[in-house]
Amino acid sequence: MAGEMTPYVALVRPRWSDMDAFGHVNHARLVTLLEEARVPLLFGGGPDGSDPGLSDFAKGIVVVRLHVDYRAPILVEGQKVRVEITLADLRHASFTLDYRVRTGPSEDDPVAATAGTVLAPYDLSRGKPRRLSESERAFLSKHVPSGGRT
């Protein structure tokens, strides 16, 4: 679509232990691949190690909601899969990331799954959710292309 920003892209490699009895990546393991894709984005490093991330997220963040829709199996064949991440929603105390998981590393590989996570910053010392700081909101707005309403 014209004018649309390129999504944040992470390449993650499924492991042999991620396979189910049918040779596909198991559902629970796909959720782990989503986590492995978003950790460098939120906590630093980025796909090339140059992105600082936000250290405050490392102090506490929880998944509030998760959904996954499957379109095709991901086979464990030794290659990385492409995970494209966009910011679907940015609120005062949570944000939603949308994912598009492809069967291989190319943007031309078929989409295997789409997913979304609602994440909320969490104050571990107080044992409850907290609001996003202005720096966190600015970081998300700057580093994660909008795919929805922000």
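We now turn to the structure provided with this report. Being a predicted model, the structure only gives us computed values, none of them experimental.

So, how was this worked out
- Residues numbered from 1 in each chain as written.
- Predicted model: local features only at pLDDT ≥ 70, side-chain atom pairs only at ≥ 80, totals over all residues.
- Heavy atoms only, no water.
- Helix = DSSP H or I, 4+ residues; strand = E, 2+ residues; numbered from the N terminus.
- Buried < 20%, exposed > 50% of the residue type's maximum accessible area, 1.4 Å probe, protein only.
- Contact = heavy atoms within 4.5 Å.
- Areas by Shrake-Rupley, 256 points an atom, 1.4 Å probe, with all protein chains shown as cover.
- Arc of directions from axis to C-beta.
- Core = buried A, V, L, I, M, F, W, Y, C linked by side-chain atoms within 4.5 Å.
- Pairing = 2+ DSSP bridges.

**Some points on the overall build of the protein**
Thought 1: Scanning the protein for helices and strands turns up three helices and seven strands.
Thought 2: Each helix and strand of the protein, ordered N terminal to C terminal, gives the series β-α-α-β-β-β-β-β-α-β.
Thought 3: For the protein, with 150 residues in total, the buried portion stands at 41%.
Thought 4: Long-range contacts, defined here as pairs at least 24 residues apart, represent 65% of the contacts in the protein between residues at least 6 apart.
Thought 5: Summed over all atoms, the accessible surface of the protein reaches about 8,200 Å², with 51% contributed by carbon and sulfur.

**A look at helix α3 (residues 134-143)**
Think of an α-helix as 3.6 residues a turn; residues three or four steps apart then line up on the same face.
Thought 1: For α3, the full list of buried residues reads Glu 136, Arg 137, Phe 139 and Leu 140. Here the buried residues of α3 occupy an arc of 160° about the axis, which is enough to place them on one side. For α3, the exposed residues set more than 90 degrees away from the buried face come down to Glu 134 and Lys 142.

**Some thoughts on the nonpolar core**
Thought 1: With 31 residues, the main nonpolar core has Leu 30, Val 83, Ile 85, Phe 95, Leu 97, Val 101 and Leu 140 as its most contacted residues.
Thought 2: If you list the elements that add at least two residues to this core, you get β1 (8-12), α1 (27-43), β3 (81-90), β4 (95-102), β5 (111-123) and α3.
Thought 3: Considering every element that reaches this core, the biggest residue donor is α1, with six residues.
Thought 4: Excluding residues within four positions of it along the chain, Ile 85 makes contact with Pro 7, Tyr 8, Ala 37, Arg 38, Leu 41, Leu 97, Asp 98, Tyr 99, Val 144 and Pro 145.

**Re the environment of Val 111**
Thought 1: Residue placement: Val 111 occurs in strand β5.
Thought 2: Residue Val 111 is classed as buried on the basis of its relative accessible area of 15%.
Thought 3: Through-space distance from the C-alpha of Val 111 to that of Arg 71 is 6.7 Å; in sequence the pair is 40 residues apart.
Thought 4: Beyond its immediate chain neighbours, meaning those up to four positions away, Val 111 contacts Arg 71, Ala 72, Arg 100, Val 101 and Arg 102.

**Some remarks on the environment of Thr 117**
Thought 1: Structurally, the position occupied by Thr 117 is in strand β5.
Thought 2: Among the residues examined, Thr 117 registers a relative accessible area of 1% and is labelled buried.
Thought 3: In this structure, the C-alpha to C-alpha distance between Thr 117 and Val 31, residues 86 residues apart in sequence, is 10.0 Å.
Thought 4: Not counting residues within four places of it along the chain, the set of residues in contact with Thr 117 comprises Arg 38, Val 63, Arg 65, Leu 66, Phe 95, Thr 96, Leu 97 and Tyr 99.

**Here's the deal with the pairing of β5**
Thought 1: The buried count for β5 comes to 12 of 13 residues, which makes it a mostly enclosed element.
Thought 2: Where strand β2 (residues 61-70) meets β5, nine bridges bridge the pair, whose relative direction is antiparallel. Counted as the bridge partner of Val 62 is Ala 120 from β5.
Thought 3: The sheet contact formed by β5 and strand β6 (residues 128-129) spans two bridges and is antiparallel. By the bridge assignment for β6, Tyr 122 is matched with Pro 129.

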